[in-house]
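Chain residues, written in single-letter form:
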Number of protein chains: 2
Amino acid sequence: MKKICAHPHPPRREKISDLTGRLRRESRKITGPRAAILEILHAHPHPLTNREILSALPKSSCDLATVYRSLHLLEKMGMVKRYHFHDGAARFELVGAGDNGHHHHLVCVNCAGVVEIAECFPEEIEKKIARTNGFKNVTHKLEFFGTCPKCQA
Amino acid sequence: MKKICAHPHPPRREKISDLTGRLRRESRKITGPRAAILEILHAHPHPLTNREILSALPKSSCDLATVYRSLHLLEKMGMVKRYHFHDGAARFELVGAGDNGHHHHLVCVNCAGVVEIAECFPEEIEKKIARTNGFKNVTHKLEFFGTCPKCQA
DNA sequence: CGCGTGTTGCAAACGATTTGCAATTAAAAA
DNA sequence: TTTTTAATTGCAAATCGTTTGCAACACGCG
Ligand SMILES: [Mn+2]
Ligand SMILES: [Mn+2]
Ligand SMILES: [Zn+2]
Ligand SMILES: [Zn+2]
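Just so we're clear, the structure is a prediction, and the values are computed from it rather than from any experiment. (Residues numbered from 1 in each chain as written. Chains lettered and ligands numbered in written order. Predicted model: local features only at pLDDT ≥ 70, side-chain atom pairs only at ≥ 80, totals over all residues. Heavy atoms only, no water.)

Draft legend 1. Spatial organisation of the coordination of the manganese ion (ligand 1). All names here are of chain A. Taken together, the protein ligands of the manganese ion (ligand 1) are E93 (OE), E93 (OE), H103 (NE2), H105 (NE2), E116 (OE) and E116 (OE), with distances of 1.9 to 2.6 Å. Coordination at the manganese ion (ligand 1) comes from six donor atoms whose angles at the metal span 56 to 145 degrees, giving a geometry best classed as irregular. Each donor residue of the manganese ion (ligand 1) lies on the same chain, and together they follow the pattern E-x9-H-x1-H-x10-E. Here E93 is found in strand 3 (residues 90-94), whereas its partner E116 is found in strand 5 (residues 114-117), with 23 residues between them in sequence. E93 sits in the buried class, given a relative accessible area of 5%. (Donors = N, O, S within 2.8 Å, 3.2 Å for Na, K, Ca; no water. Tetrahedral: all angles 85-135°; square planar, octahedral: opposite > 155°, others 65-115°. Helix = DSSP H or I, 4+ residues; strand = E, 2+ residues; numbered from the N terminus. Buried < 20%, exposed > 50% of the residue type's maximum accessible area, 1.4 Å probe, protein only.)

Given below as structure tokens:
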């Protein structure tokens, strides 16, 4: 009976060495681009787009295609989670050690500022929804939107 | 004090004439493409992509660009709501009469089948999240994903 | 019927993401 | 350390969903 929504956010950050170790263990190479991308993700507390990651990288560390490919890999390995806010671009956030990464955000519709949210959709209700409809392995995507304090003119 | 999440789903369907009337009232023209698109939306109980709407339309009723433009218009007029499931494409569903349209879905990750969900994120928790972070006008996007009965091999 | 504005089709433009391929390189093997 | 091998990268082209410019067109009203 694993808990789906246990997120004592913010998750304790994993050491970079643990991250690279994880890669090495799955016989993936620790390349310059990957190390740099992990640094960026590790340094940022909120979901970043591929382009934002590229910009944050030391000047021309790698190609945008490499950022995309790296994040696919990290996602497949469960080291990052993918999020979608209101714009078209996917965003990625490092999954904390131990944490399964499931959590939600509150996004300002004006300035796009992000707040990490600890609350989750109530487990009992989700179970009821699954049971009622005969679905298995039900999860959810949930994001909040509103106007942040600064943007309330 | 307007209720955000009052959805006695499924909403009573509006008559097509009411829909076109709404358009006429805002001095928009009832064109062939628009009438056809409204028919399709009216006939379908779940969110459809622009391309799905086009395909469902009587052969070459209109151009894909027109479908996009029509749905933008309908969205701006509050007659359809936009949803995002796991694929890249936006989906649209007609908003029922009276209903503000806010509701959620349970989507099969295997066959993409959709179930309309009446449950919503608890209002009190959302209010707490808004208050705690000083945000105003907080809403949410919430979709459930799982394996439907048919797809449980 | 005839006008004026909203609409449409079509093709080109776009932004995000993916992919083919040849050149490169980290890491395992020798 | 050198060799070997498979993973990775850069670059450009391709894809996909969506938007837009523009000239031709057609509702809705008089
Ligand atoms: Mn987060
Ligand atoms: Mn629905
Ligand atoms: Zn949750
Ligand atoms: Zn809701």
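Draft legend 2. Highlighting the sheet that holds strand 1 (residues 48-49) of chain A. Residues and elements named next belong to chain A. Strand order in the open sheet formed by three strands is 1-3-2, with antiparallel pairing between adjacent strands. Edge strands, defined here as strands with exactly one partner in the open sheet, are strand 1 and strand 2 (80-84). The sheet contact formed by strand 2 and strand 3 spans five bridges and is antiparallel. Paired with H84 across the strands is A90, a residue of strand 3. Relative to the sheet, helix 4 (residues 64-76) contacts strand 2 and strand 3, its axis offset from that of strand 2 by approximately 110 degrees. (Pairing = 2+ DSSP bridges. Contact = heavy atoms within 4.5 Å. Axes fitted to C-alpha atoms, helices over the stretch in contact; angles between N-to-C directions.)

Draft legend 3. A look at the interface of chain B and chain A. Across the contact, 32 residues belong to chain B and 32 residues belong to chain A. Of the roughly 2,700 Å² buried between chain B and chain A on both sides combined, carbon and sulfur atoms contribute 69%. In terms of surface lost to chain A, no three residues of chain B exceed F135, K141 and F144 of chain B, which account for 22% of the buried area on that side. There are two salt bridges connecting chain B and chain A. (Buried area = accessible area lost by both parts, 1.4 Å probe. Salt bridge = Lys/Arg side-chain N within 4 Å of Asp/Glu carboxyl O.)

Taken by themselves, the reported measurements are silent on function.
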